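Residues per chain, in single letters:
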Amino acid sequence: MSVAVLGAGAFGTALALSLSREGHAPRIWARDAATVEAINHEHRAPRLPAITLPDTITASTDIDAVAQAETLLLAVPMQSLHDLLSRIAAPLAGQRLVACCKGVDLAELTGPTGVIAHAKPRAIPAILTGPSFADDIARNLPTALTLACRDEAAGEALQHELSTGALRLYRTTDTTGAELGGALKNVIAIACGACIGEGMGDSARAALMTRGFAEMTRLAARLGARPETLAGLCGLGDLALTCTSELSRNYRFGLALGRGENFDAHLTVEGVKTAEAVTRLAAKLGVDLPICAMVHEVSTGGTSVTEAIRYLLNRPLKEE
Ligand SMILES: NC(=O)C1=CN([C@@H]2O[C@H](COP(=O)(O)OP(=O)(O)OC[C@H]3O[C@@H](n4cnc5c(N)ncnc54)[C@H](O)[C@@H]3O)[C@@H](O)[C@H]2O)C=CC1
Ligand SMILES: O=C(CO)COP(=O)(O)O
């Protein structure tokens with residue numbers, strides 16, 4: 001089976017490397033010629049500068065040619081996924097489209113598999129998500145992720161196609177749970193970073209992680225997801241990683257907010273737009289997501305970290 005990667009960022013390049021170790025020769029689509037040049041001629045990717053790529057990994061700016069592979073890994077930021085799919089002329093009928101992004105689309109208020117289903121209704125949508133830093137995958141360190149696909153047979157084929165000696169994939173048909181876990185953990189990671197940056201301490205972070213997990217499961221259950229999906233790699237697993245590691249951009253963005261420091265605007269921080277999208281979605285569905293709402297307020301300058309923490313502490317007391 002042929003696999004290609006659309007998007008030459010850190011995660012797309014790491015996944016191409018992972019595939020290359022299993023004998024695949026993946027092509028990467030990049031939107032700019034300079035990145036293609038770097039991959040094809042210098043065997044390096046701009047977003048993973050410390051890694052040398054094998055010459056079995058090649059790149060192209062011709063998206064229609066690259067998109068002919070049977071499996072396409074869609075590794076662009078969440079808010080660019082719709083734009084990416086609209087660049088491809090073909091309907092991609094019967095092809096497996098694996099979202100490798102985490103978030104909720106602001107225009108459609110759906111996760112990545114919903115965006116795929118709207119843009120390419122004859123394709124088979126799936127999502128690869130869970131706790132992994134691109135750098136760890138690129139270095140072939142042990143990693144376990146969730147592969148979610150409603151089509152059981154396609155999900156099983158993808159699980160085998162994308163697993164490697166170091167990258168172990170668990171399978172589920174619950175795409176809603178898998179994508180909401182990955183989306184919401186980034187929002188909670190911003191909250192945790194802000195809490196630590198503001199000097200509130202590890203106990204406060206543990207409280208945010210736990211009550212954040214309650215928000216993740218509440219919204220997911222309202223949308224029909226299974227609780228055990230959220231308790232898996234794509235929910236609890238990724239929450240644990242992202243809320244505790246300074247390798248996470250979402251966590252570091254939160255740290256900067258808490259410390260009152262600037263943050264590099266070129267870095268992909270999915271939780272900011274996701275906080276806005278889930279706050280809107282929750283209002284529409286009548287679901288209470290106070291931490292996510294505060295992350296949206298703080299990250300858009302609507303309130304301060306101190307005020308947000310005060311608001312959360314002073315909400316009416318309730319049962320756990
Ligand atoms: N970096 C990581 O450790 C991991 C990232 N992810 C997810 O992968 C997704 C991508 O993140 P990264 O690869 O880290 O981002 P990145 O910032 O390293 O790269 C993003 C890539 O997407 C391209 N891009 C942006 N907008 C585009 C558009 N409209 N059309 C086409 N290409 C576009 C950029 O040129 C760049 O090559 C995110 O949703 C992230 O949450 C998931 C797991 C791990
Ligand atoms: O999704 C990730 C880890 O699973 C990567 O986290 P960041 O996007 O916060 O860097």
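Note that this is a predicted model, so its numbers are computed, not measured.

Draft legend 1. Inspection of the pairing of strand β8 (residues 167-172) at higher detail. Inspection of the sheet shows strand β7 (residues 143-149) paired to β8 by six bridges, in the parallel sense. Paired with Leu145 across the bridge in β8 is Leu169. Traced from β7 through helix α7 (residues 152-162) to β8, the parallel crossover comes out right-handed.

Draft legend 2. Summary view of the pattern of salt bridges. Scanning the model with the defined rule gives 12 salt bridges in all. Notably, a salt bridge pairs Asp83 with Arg87, separated by 3.5 Å at the nearest N-O pair. Classification of Arg87 by relative accessible area gives partly exposed; the value is 39%. With its nearest N and O atoms 2.6 Å apart, the salt bridge here joins Arg310 to Glu307. Remark: Glu307 and Arg310 occur in helix α15 (residues 305-313); sequence separation between them is three residues, near one turn of the helix. Classification of Arg310 as partly exposed rests on a relative accessible area of 44%. Residues joined by salt bridges that share partners form a network here, namely Lys102, Lys185 and Asp238.

Draft legend 3. Broad picture of the site of ligand 1. As a matter of local geometry, ligand 1 sits amid 21 residues, with Arg47, Ala134, Arg249, Thr268 and Glu270 nearest to it. A distance of 3.0 Å is found between a nitrogen atom of ligand 1 and a side-chain nitrogen or oxygen belonging to Ser80. Contacts to ligand 1 include Asp83, whose side-chain N or O atom sits 2.9 Å from a nitrogen atom. For ligand 1, whose accessible area on its own is 830 Å², the fraction buried by protein is 89%. Comparing atom positions with the cavity grids shows ligand 1 to sit within the largest pocket. When its residues are assigned to classes, the shell around ligand 1 shows 10 nonpolar, four polar and seven charged. Counting the residues that make up the shell around ligand 1, at least three belong to each of domain 1 (3-173) and domain 2 (178-313).

Draft legend 4. Quick look at helix α13 (residues 270-285). Relative to the 22 Å expected for 16 residues at 1.5 Å per residue, α13 spans 22 Å between its end C-alpha atoms, a close match to the ideal helical length. Listed as buried for α13 are Glu270, Gly271, Thr274, Ala275, Ala277, Val278, Leu281 and Ala282. On its buried face, α13 sits against α8 (175-197), α9 (202-222), α12 (249-259) and α14 (290-299). Note on α13: the residue one or two positions beyond its end, Gly286, has a positive phi of about 70°.

Draft legend 5. Region of the structure containing the UniProt feature "binding site: substrate" (unreviewed entry) in the protein chain. In the numbering adopted here, UniProt assigns the feature "binding site: substrate" (unreviewed entry) to Lys102, Arg249 and Asn250. Spanning 149 residues, the named residues form one tight spatial group whose C-alpha atoms are at most 12.9 Å apart. Those annotated residues from the list above that line the largest pocket are Lys102, Arg249 and Asn250. With respect to the secondary-structure elements, Lys102 resides in the loop between β5 (96-99) and α5 (112-119).

Draft legend 6. Geometry of the sheet that holds strand β1 (residues 3-6). The mixed open sheet is built from eight strands, whose spatial order is β3-β2-β1-β4-β5-β6-β7-β8. On the outer flanks of this sheet lie β3 (58-60) and β8, each paired with one strand and no other. The mean angle between the axes of side-by-side strands here comes to 25°, regardless of whether they run parallel or antiparallel. Along the sheet face, helix α11 (residues 233-242) touches β6 (124-129), β7 and β8 and points at about 145° away from the line of β7.

Definitions and limits used
- Residues numbered from 1 in each chain as written.
- Chains lettered and ligands numbered in written order.
- Predicted model: local features only at pLDDT ≥ 70, side-chain atom pairs only at ≥ 80, totals over all residues.
- Heavy atoms only, no water.
- Pairing = 2+ DSSP bridges.
- Helix = DSSP H or I, 4+ residues; strand = E, 2+ residues; numbered from the N terminus.
- Right-handed = clockwise from strand over helix to strand, strands pointing away.
- Salt bridge = Lys/Arg side-chain N within 4 Å of Asp/Glu carboxyl O.
- Buried < 20%, exposed > 50% of the residue type's maximum accessible area, 1.4 Å probe, protein only.
- Near = heavy atom within 4 Å.
- Polar contact = N/O pair within 3.5 Å; in protein donor to acceptor, adjacent residues only side chain to side chain.
- Areas by Shrake-Rupley, 256 points an atom, 1.4 Å probe, with all protein chains shown as cover.
- 1 Å grid on protein atoms, 1.4 Å probe; cavity = no way out; pocket = protein on both sides within 12 Å on 5 of 7 lines; lining within 4 Å.
- Sits in = over half its atoms within 2 Å of the grid points.
- Nonpolar A, V, L, I, M, F, W, Y, C, P; charged D, E, K, R; others polar.
- Domains from an automatic or database assignment.
- Expected span 1.5 Å × (residues − 1).
- Contact = heavy atoms within 4.5 Å.
- UniProt positions renumbered as here; feature names shortened; annotations may be inferred.
- Axes fitted to C-alpha atoms, helices over the stretch in contact; angles between N-to-C directions.

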